[in-house]
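# Coordinate inspection notes
Spelled out from the first residue to the last, the chains are:
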Amino acid sequence: MKAMQLAVLAGVFGFAAAHAGGLAGVSLPERVKVGEETLVLNGMGLRKKAVFKVYVGALYLKEKSSDPAKILAAEAPRRMVMRFLRDVGKDRLVEAWKAGFSANAPDAQAKLGEELERFLSLWRDVREGDEVTMTYVPGQGTTVAFGGKEVGSFAGKEFADALLSVWLGPKPPSEELKAGVLGK
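The paragraphs below set out a description of the structure included in this document. Note that this is a predicted model, so its numbers are computed, not measured. (Residues numbered from 1 in each chain as written. Predicted model: local features only at pLDDT ≥ 70, side-chain atom pairs only at ≥ 80, totals over all residues. Heavy atoms only, no water.)

### As for the pairing of strand β9 (residues 149–154)
As paired elements, strand β8 (residues 141–146) and β9 share five bridges and run antiparallel to each other. Across the sheet, Val144 pairs through a bridge with Gly152, a residue of β9. Once β8 ends, the chain turns through two residues before running back antiparallel as β9, passing Gly147 with a positive phi of about 60°. (Pairing = 2+ DSSP bridges. Helix = DSSP H or I, 4+ residues; strand = E, 2+ residues; numbered from the N terminus.)

Right, here's the structure in full:
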């Protein structure tokens, strides 16, 4: 009976637990505000390495889409969130980023070499529960934040596309993670 009352209240007041995304014990909001825009949670995926759960990745877009090419082509704000489920050292993170760029954005490596190196230099050891966000806003570029504190920014859509290609490209860290952030 109590569950029914809560469901009715949720419908009346427009809130419910289902409005937040949840995966592997991580809950994230259904919507986030980026500047003047509201982005919706497109999907969440789990990054595993061997048997270890490493992080939950979540993609926020202006409109939901399961088409990687369409997402990358859109000149629209977007945010990628990484919530870590375990401690990971900087060296391992940098190695994984390099592999991701090499596999999914090889052309960008030649064009954006300095920016990618600067991006890699921002990374540090992360602890279980840490959250990293990478937010692209057209005309402003991409900001990187650790725990809500901005640590760097990068101009241009080309950088933003190379970054998101790590998850949405032909060789993502895992197909399960890619499918999750695409909302599949």
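Once you've had a look at it, read on.
### Let's talk about the sheet that holds strand β5 (residues 52–61)
Taking strand neighbours across the sheet as the criterion, the seven strands line up as β3-β4-β5-β6-β7-β8-β9 in an open arrangement whose pairing is antiparallel. This sheet does not close on itself; its edge strands, each paired only once, are β3 (31–34) and β9. Each adjacent strand pair in this sheet contributes to an overall mean axis angle of 25°, direction not counted. Note: strand β6 (residues 78–84) against strand β7 (residues 131–137), six bridges, orientation antiparallel. Paired with Arg79 across the bridge in β7 is Thr135. Sheet contacts for helix α6 (residues 157–168): β5, β6, β7, β8 and β9; angle to β6, the most-contacted strand, approximately 45°. (Axes fitted to C-alpha atoms, helices over the stretch in contact; angles between N-to-C directions. Contact = heavy atoms within 4.5 Å.)

### Notes on the side chain of Lys178
Inspection of the secondary structure puts Lys178 in helix α7 (residues 175–181). A polar atom in the side chain of Lys178 sits 3.3 Å from the backbone oxygen of Leu168. What Lys178 contacts, discounting residues up to four positions off in sequence, is Pro68, Trp167, Leu168, Gly169 and Pro172. (Polar contact = N/O pair within 3.5 Å; in protein donor to acceptor, adjacent residues only side chain to side chain.)

### Considerations on the packing of helix α3 (residues 90–104) against helix α5 (residues 113–122)
It is at 9 Å that the axes of α3 and α5 come closest, and there the two elements cross at 150°. On the basis of their axis angle, the class for α3 and α5 is roughly antiparallel. α5 is crossed by α3, and the crossing has right-handed handedness. Counting all contacts with α3, which are made through Lys90, Val94, Trp97, Lys98 and Phe101, the residues of α5 involved are Leu116, Phe119, Leu120 and Ser121. Residue composition of the contact of α3 with α5, grouped by class: six nonpolar, one polar and two charged. (Parallel < 35°, antiparallel > 145°, perpendicular 65-115°, else oblique. Left-handed = near helix turned anticlockwise from the far one by under 90°. Nonpolar A, V, L, I, M, F, W, Y, C, P; charged D, E, K, R; others polar.)

### Points about the packing of aromatic side chains
Evaluated as defined, the whole model comprises eleven aromatic pairs. Ring centres 5.6 Å apart and planes at 55° place the aromatic pair Tyr55 and Phe84 in the tilted group. Taken together, the residues Tyr55 in strand β5 and Phe84 in strand β6 connect sequence positions 29 residues apart. On the basis of an interplanar angle of 70° and a centroid distance of 6.1 Å, the ring pair of Phe119 and Phe154 is categorised as edge-to-face. Of this pair, Phe119 sits in helix α5 while Phe154 sits in strand β9; the two residues are 35 residues apart in sequence, bridging distant segments of the chain. Among the residues examined, Phe119 registers a relative accessible area of 0% and is labelled buried. An aromatic cluster is present here, built from Trp97, Phe101, Phe119, Trp123, Phe146, Phe154, Phe159 and Trp167 joined pairwise through their rings. (Phe/Tyr/Trp six-rings, centres within 6.5 Å; stacked < 30°, edge-to-face > 60°. Buried < 20%, exposed > 50% of the residue type's maximum accessible area, 1.4 Å probe, protein only.)

### Considerations on the pattern of salt bridges
Using the criterion set out here, one finds seven salt bridges in the structure. Between Lys62 and Glu37 there is a salt bridge, with its nearest N and O atoms 2.4 Å apart. With a gap of 25 residues between them, Lys62 in the loop between β5 and α2 (68–73) and Glu37 in strand β4 (residues 37–49) connect regions that are remote in the sequence. Taken together, the shared-partner salt bridges connect Arg78, Lys157 and Asp161 into one network. (Salt bridge = Lys/Arg side-chain N within 4 Å of Asp/Glu carboxyl O.)

### Some points on the pairing of β3
Residues Val32 and Val34 point to one face of β3 and are all buried, whereas Arg31 and Lys33, pointing to the other face, are not buried. Summarising the sheet, β3 and β4 pair through four bridges and their orientation is antiparallel. Paired with Val34 across the bridge in β4 is Glu37. Where β3 hands over to β4, the hairpin turn is made up of two residues, of which Gly35 adopts a positive phi near 60°.

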